[in-house]
Amino acid sequence: MRDLFDGDIVDQRDVQLAPGAMLLAGFARPLEGALIDAVNAIIARAPFRHLFTPGGHRMSVAMTNCGRVGWVSDRTGYRYDPIDPVGGHPWPQMPAVFADLAARAAAKAGFADFRPDACLINRYEPGAKLSLHQDKDELDFNAPIVSVSLGLPATFLFGGLNRSDKTVRYRLIHGDVVAWGGPARLAYHGVMPLAEGEHPLLGSQRINLTFRKTR
Ligand code: SIN
Ligand code: FE2
C-alpha cells in the first residue's frame, strides 16, 4: 500500500461489504446542506407517498423520485415511469449536486462514468423498514447502485445473490454512501425498522437517495 499523503481523507469506517460493494463513510457529509435543500425542492413538486406492492401491501417507507424516470409500484407491478402518477407530470429533474455526488462515489468504489437517470428518494420514519430485496427492475446491470443516507441512523442488511444467503448488518449514519455493482450488483439488501431518534438537521426521519441507471 502506498504511503498516505497530507490531505488524504481516511475514514476508519470505510469497508468492503463484498467484492463490488463499498461503504464510503461520511462521503456525502460535506454536501449535507445542498442535498437537503434539493430534497425539499423535489418534494414540493413530487411529495412523498406510500406506495402499494403488487400484493396489496402499503409500504412503510414513503417514496418519491427525481430524474428521467422514477420507480413506482402499484397493483400492476413495479416499473420505472417518466410520469409521477400522483401529479400526472414528469418527475423533477435530477439536481447536478445529486448526479455529481453519485458519480464521484461510484468512481471511488471502482465504477467509472456512472450516469444515473433515476433517483429514488426514500423516507423512513421510526418503525419503517424495507424487506430484503434485489434491485433488478433496471435494464442495465453493468452500472452500480449508489445509496446515500441522511438523517437518523439505520441498520442496513447486506447479503448475497440468494435470498437465503447470510446477511451482515451495517450501521449507516448521516452522510454515509454505499455503492454496489459488478459481482455484487444483484445482492440482496434491506433496512431494519428505523429506531426512534431526533437528527439535528432532519428531525425524526431518515432520507435515503438511491441512484440507478435504468437503461
Ligand atoms: C433501497 O434499497 O432502495 C434503499 C436502501 C436504503 O434505504 O438504505
Ligand atoms: Fe434496493
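All residue numbers refer to positions counted from 1 along the written sequence of the respective chain. Chains carry letters and ligands carry numbers; both start at the beginning, A for chains and 1 for ligands, and go up in the order they are written. With the structure being a predicted model, the display of local features is reserved for residues of pLDDT at least 70 and the display and counting of side-chain atom pairs for 80 or more, all residues being used for whole-chain, interface and lining totals. The side-chain numbers reported here are obtained from all heavy atoms of the structure, hydrogens and water having been left aside.

Draft legend 1. Just the sheet that holds strand β14 (residues 189–191), in detail. In short, DSSP must find at least two bridges between two strands for them to pair. A run of DSSP states H or I qualifies as a helix once it reaches four residues; a run of E qualifies as a strand once it reaches two. Both are numbered from the N-terminal end. Taking strand neighbours across the sheet as the criterion, the four strands line up as β9-β14-β11-β12 in an open arrangement whose pairing is antiparallel. Both outer strands of the open sheet, β9 (130–133) and β12 (168–172), are each paired with one neighbouring strand and no more. In this sheet, adjacent strand axes meet at a mean angle of 20 degrees when their direction is disregarded. Bridge count for strand β11 (residues 154–158) against β12 is five bridges, and the pairing is antiparallel. Comment: axis = line fitted to C-alpha atoms, over the contacting stretch for helices; angle = value between 0 and 180 degrees taken between N-to-C directions.

Draft legend 2. Structural detail: the site of ligand 1. Here a residue counts as near a molecule or strand whenever at least one of its heavy atoms sits within 4 Å of it. Near ligand 1 you find Asn122, Tyr124, Leu130, His133, Ser147, Phe156, His189, Val191, Arg206, Asn208, Thr210 and Arg212, and these make up its full shell. We define a polar contact as two N or O atoms separated by no more than 3.5 Å, with the added condition that, inside protein, one atom must be a possible hydrogen donor and the other a possible acceptor, whereas residues neighbouring each other in sequence contribute only through side-chain atom pairs. Tyr124 is positioned with one of its side-chain polar atoms (N or O) 2.5 Å from an oxygen atom of ligand 1. Here the accessible surface of atoms and residues is derived via Shrake-Rupley with a 1.4 Å probe, and residues count as covered only by protein chains that are part of the display. Calculation on ligand 1 without its partners gives an accessible area of 260 Å², and the protein chains cover 99% of this total. A molecule is said to occupy a pocket when more than half its atoms come within 2 Å of that pocket's grid points, and by this definition ligand 1 occupies the largest pocket. Per-element accounting of the shell around ligand 1 gives the leading share, four residues, to strand β15 (residues 206–212). A cavity here means a set of 1 Å grid points, computed over protein atoms only, where a 1.4 Å probe fits but cannot escape. A pocket is an open set with protein on both sides within 12 Å along at least 5 of 7 lines, and lining residues have an atom within 4 Å of a point. More than half of a molecule's atoms within 2 Å of the grid points is what it takes for that molecule to sit in a cavity or pocket.

Draft legend 3. Molecular detail of the side chain of Thr53. Mapped onto the elements, Thr53 comes out in the loop between α1 (32–45) and β3 (62–67). Classification of Thr53 by relative accessible area gives buried; the value is 16%. When checking whether two residues touch, look at their non-hydrogen atoms; a contact exists if any pair is within 4.5 Å. Dropping the residues within four chain positions of it, Thr53 is found in contact with Met59, Ser73 and Asp74. Exposure classes here rest on a 1.4 Å probe applied to the protein chains alone. A residue is buried below 20% of its type maximum, exposed above 50%, and partly exposed in between.

Draft legend 4. Main features of the packing of α1 against helix α2 (residues 96–108). For the pair α1 and α2, the least separation of the axes is 9 Å and the interaxial angle reads 130 degrees. Relative to α2, the element α1 lies oblique. The crossing of α1 and α2 is left-handed. Contacts between α1 and α2 involve Ala34, Leu35, Ala38, Val39 and Ile42 from the former and Val97, Phe98 and Leu101 from the latter. Angle categories are assigned with fixed cut-offs, so that under 35 degrees is roughly parallel, over 145 is roughly antiparallel, 65 to 115 is roughly perpendicular, and the rest are oblique. Note on convention: near helix rotated counterclockwise from far helix by under a right angle means a left-handed crossing. Clockwise means right-handed.

Draft legend 5. Structural detail: the sheet that holds strand β10 (residues 145–151). Taken together, seven strands build an open sheet; the order of strands is β1-β2-β13-β10-β15-β8-β3 and the sheet is antiparallel. Looking at the sheet topology across the chains shown, the edges are occupied by β1 (15–18) and β3. Within this sheet the neighbouring strands show an average axis-to-axis angle of 20 degrees, counted without direction. In this structure, strand β8 (residues 118–124) lies alongside β15, joined through seven bridges in antiparallel fashion. What sits directly across from Ile121, in β15, is Leu209. Sheet strands in contact with α1 are β3, β8, β10 and β15, and its direction is about 100 degrees off that of β3. Running over the sheet, α2 touches β2 (21–24), β3, β8, β10, β13 (177–180) and β15 and is turned about 115 degrees from β10.

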